[in-house]
Amino acid sequence: MNQAVTSQPATQTPPAKAAAPVWRTQLGTYLGLALVLVGMVGLFSWLSEYFWSRETFVTIANEIPALAVMAVGMTFVLIIAGIDLSVGSVMALSAATSAAAILQWHWSVPAAAVLALATGLLCGAVTGAVAVAWRLPSFIVSLGMLEAVRGSAYLVTDSRTQYVGDAISWLAAPVAFGVSSAFVLAVLIVIAAQLVLSRTVFGRSMVGIGTNEEAMRLAGVDPRPIRIAVFALIGLLAGLAGLMQSARLEAADPNAGTGVELQVIAAVVIGGTSLMGGRGSVITTAFGVLIIAVLEAGLAQVGASEPSKRIITGAVIVAAVIVDTLRQRRGAA
């Protein structure tokens, strides 16, 4: 007896939702950060009659170069799913070594500047090499470096501020519209770093390591030298930040940069770089630096107390992380 076969309609899988173009996502991020920045400027201009002035904006521009260049390096570190907590201490030690070279060893200013950069480069390379060689979390290694390098800064300066005078003041001297050479240099570094990240094999390798390090290894790319190079780079930029700060203050303070690593990480996170690695942009980090700087300047002008500043800054950081998380979930949906 033949049994009739009933044909069942095939179940069709709904087509996957097309992902938004990358350029559209980036444009949305840029516009969002720009709107936040404009909104903050408008708010503080309304709260303080002195905020909307050329002097305020020139002061902000001349205070952010050190933070900006360290944030560039931290962007790269976070993209490879690492973190460096020692940047503030490295900045202080680099400034201290340059001051010692000028005041005690009577080196020329260019030689002292090279020593400061080499000091930062060495500190960053050691952090990266130790983390890679022993497969340790960079959080722990850089935390140890934070203390060791800070102690070294105290030893080099004999725990006293070293006044270098106008030896390297040219770096803080205004070049146009009141902004300093350091600001112009920081802008050039931001542009160059963004090009490296988006247009070079090294930049793509960083993103690949942060996204899936094992896949990069299977593809024939050794992530170890890249990781060490990234940490060496942030050390070099921290050394440059030390020179920038010494030029602005005309002194090298062994206590300089205490807690600045939190500001650096905050600027990068506000800019949308993922703490989990694999995603970030130097341009958006620059927006994050500006947001942090405007927030601090505005709170100071409206007379906010130090505890209030910390509470508000912390709330802004948490809000930025929440917004970034929601944006990622919406993009994955």
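The structure under discussion appears in the preceding block.
Residues numbered from 1 in each chain as written. Predicted model: local features only at pLDDT ≥ 70, side-chain atom pairs only at ≥ 80, totals over all residues. Heavy atoms only, no water.

Enquirer: Help me understand the side chain of S205 in this model?
Expert: Relative to the helices and strands, S205 resides in helix α8 (residues 201-211). What S205 contacts, discounting residues up to four positions off in sequence, is M216 and I226. (Helix = DSSP H or I, 4+ residues; strand = E, 2+ residues; numbered from the N terminus. Contact = heavy atoms within 4.5 Å.)

Enquirer: Is there a simple way to think about the environment of A238 in this case?
Expert: Here A238 shows up in helix α10 (residues 223-249). For A238 and G259, which are 21 residues apart along the polypeptide, the C-alpha to C-alpha distance reads 14 Å. Not counting chain neighbours up to four residues away, the residues in contact with A238 comprise M70, V87, V90 and M91.

Enquirer: Even after reading the chapter, I still don't get the packing of aromatic side chains, so can you show me in this structure?
Expert: For any pair of aromatic rings, the description rests on two quantities: the centre-to-centre distance and the angle between the ring planes. Under the criterion given, the structure shown has four aromatic pairs. Aromatic pair F51 and F57: ring centres 5.9 Å apart, planes at 85°, arrangement edge-to-face. Residue classification places F57 among the partly exposed positions, given a relative accessible area of 32%. A centroid spacing of 5.3 Å and a plane angle of 85° characterise the contact between W52 and F57, whose relative ring orientation is edge-to-face. Relative accessible area serves as the criterion here: at 60%, W52 is assigned to the exposed category. Aromatic rings pair up to connect F44, F51, W52 and F57 into one cluster. (Phe/Tyr/Trp six-rings, centres within 6.5 Å; stacked < 30°, edge-to-face > 60°. Buried < 20%, exposed > 50% of the residue type's maximum accessible area, 1.4 Å probe, protein only.)

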